[in-house]
Amino acid sequence: MSSAVRQSLKLCALLPKALGGPTTWARHSSSMKNWDPAQFKPRKAVILTKVSRYEYEKIQNDSLSERQLEEMLTKERSDYTMIRYHHNVHKALEQEVVNELEAAGMETKVVKRYQYNDEVVKWADLVVTTGGDGTFLMGSSKILNRNKPILGINTDPTRSEGHLCLPKHFSFNVKEAIDAIFRGKFKWFFRRRLRVTLIGAKEKIDEPPVELHDQQLQYPEYRYMDLMTESAESGDHPFKEPVIRDSSAPQHTRILPVFGLNELYIGESLSSRVSYLELQIDKEPVFKTRNSGLCISTGTGSTSWTFNINKLQHHAVESLLKIIYETTRYSLNWKDPKLVGAITEKFNNQLVFDPEADVMCYTLRDAISVGTFPTAKENRPRGIARRMVVKSKCFDACLVIDGSLSFKFNDGAKAIIDILEEDALRTFQLYSEL
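Note that the structure is a prediction, hence the values are computed from the model and not measured.

1. Observations concerning the confidence of the model for the protein chain
Part 1 of the reasoning: The predicted model of the protein chain averages 84 in pLDDT, with 80% of residues at 70 or higher.
Part 2 of the reasoning: Ignoring residues within four places in sequence, the model shows residues 1-33, a span with pLDDT below 50, making 44 contacts including any to other chains.
Part 3 of the reasoning: Taken as a whole, residues 219-246 scores under 50 in pLDDT and shows 40 contacts with residues more than four places along the chain or in a different chain.

Rendered as structure tokens:
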């Protein structure tokens, strides 16, 4: 276990216990965590495969011949030869996964993302993804049963890391991975996920999500009119609460049918607009904040977006060391690249925590202060929690899960974010990777 993980777990231990006592189901699921791997004998596997760039271009340009497609891609300065090459690499490894699973006595079903639904997940004993981290996230999004495991195979390890998949070694040794699973030579690894419960007017929380790349701004022509109205009603004070126009509407509750494996993002859809949110962290007092959006991550996601929001660069550490030297005259060589590098690495490592830890990390991006400098109360843009309650005071906001599914989250809507043991995702750690 790395020092960063140990330190993060120490921080977790200081947090208050989650609200309420353990339920019967939670106690049962806790015992299931020690389910003997030797007892796992899957018979049916659904294989979720990514749509390669070549397949995507063929779908988008289905009227073109192969020669015409090549000419079009070349004209757009894309390398047709390499696109075909990496497509063939992916398909060959996908077929190898199918062959090895079937050789182990399993029935298989290969599906693409538009064919991946609740029915095929229910049919399978095991979900296997062939692609990269994006395909793995897609695969996990439909798994709501803690007892259904998922296995990720990186099918193009020369071009992607595939942090959520098995190590690259197994991309070149698929048979070894399948044999290890059927011989019980692995341990279960439970990645914690974020559960979101929406509360608000029915029409605000019941709309189906959209894929993030399909999302459109809502009524963009009224944005500046809305800003002027809010400013006038608030006495021109930028931190006063805007008028809630329909506070008497009946409140409804909806648990979203998908968990966040990496992170949630909450904020205005237009990134240049300020997001206005009301937050409660665990049992702490509620506070209001204006920012560029709220990012909430699991331990799995702590190496991704939330890490890059918070990480320090060498030049920032060097500047701080210089200020410390000039202020205190301590014997610091702020120009020493080894010292700067060691401090930078230590700080950044502390941002990463165990994917099995039952805490979430939150970050308020670019939190705005009333004055030039933040007060002690405002100086809380990052921390850890077991439960968060977020109320929207935004105009055209969204709640995005794992950078994919976007739910509307506008003025008056409330989200309760929990990280619960029964929602964990069951994955594999093979002994050779421990």
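2. Describing the pairing of strand β14 (residues 382-385)
Part 1 of the reasoning: Taking every second residue as pointing to the same face, the buried face of β14 carries Gly-383 and Ala-385, while none of Arg-382 and Ile-384 on the other face is buried.
Part 2 of the reasoning: In terms of strand pairing, strand β13 (residues 360-364) meets β14 through four bridges, oriented antiparallel. Opposite Cys-361, over in β14, you have Ile-384 as the bridge partner.

3. Let's talk about the sheet that holds strand β10 (residues 275-281)
Part 1 of the reasoning: Taken in spatial order, the six strands line up as β8-β6-β18-β15-β10-β11 in an open sheet, and their pairing is antiparallel. Of all strands in the sheet, those bounded by a partner on one side alone are β8 (252-255) and β11 (287-291). This sheet shows a mean twist of 25° between the axes of neighbouring strands, independent of strand direction.

4. Observations concerning the packing of aromatic side chains
The way to describe two aromatic rings as a pair is by their centre distance and the angle between their planes.
Part 1 of the reasoning: For the structure shown, the criterion picks out seven aromatic pairs.
Part 2 of the reasoning: When the ring of Phe-40 is compared with that of Phe-428, the centres are 5.9 Å apart and the planes differ by 55°; the resulting orientation is tilted. Placement of Phe-40 in the loop between α2 (24-32) and β1 (44-49) and of Phe-428 in strand β19 (residues 425-430) is noted, with a sequence separation of 388 residues between them. The residues Phe-40 and Phe-428 share a single accessibility class, namely buried.

Reading the values: rules and limits
Residues numbered from 1 in each chain as written. Predicted model: local features only at pLDDT ≥ 70, side-chain atom pairs only at ≥ 80, totals over all residues. Heavy atoms only, no water. pLDDT = per-residue confidence, 0-100. Contact = heavy atoms within 4.5 Å. Buried < 20%, exposed > 50% of the residue type's maximum accessible area, 1.4 Å probe, protein only. Helix = DSSP H or I, 4+ residues; strand = E, 2+ residues; numbered from the N terminus. Pairing = 2+ DSSP bridges. Axes fitted to C-alpha atoms, helices over the stretch in contact; angles between N-to-C directions. Phe/Tyr/Trp six-rings, centres within 6.5 Å; stacked < 30°, edge-to-face > 60°.

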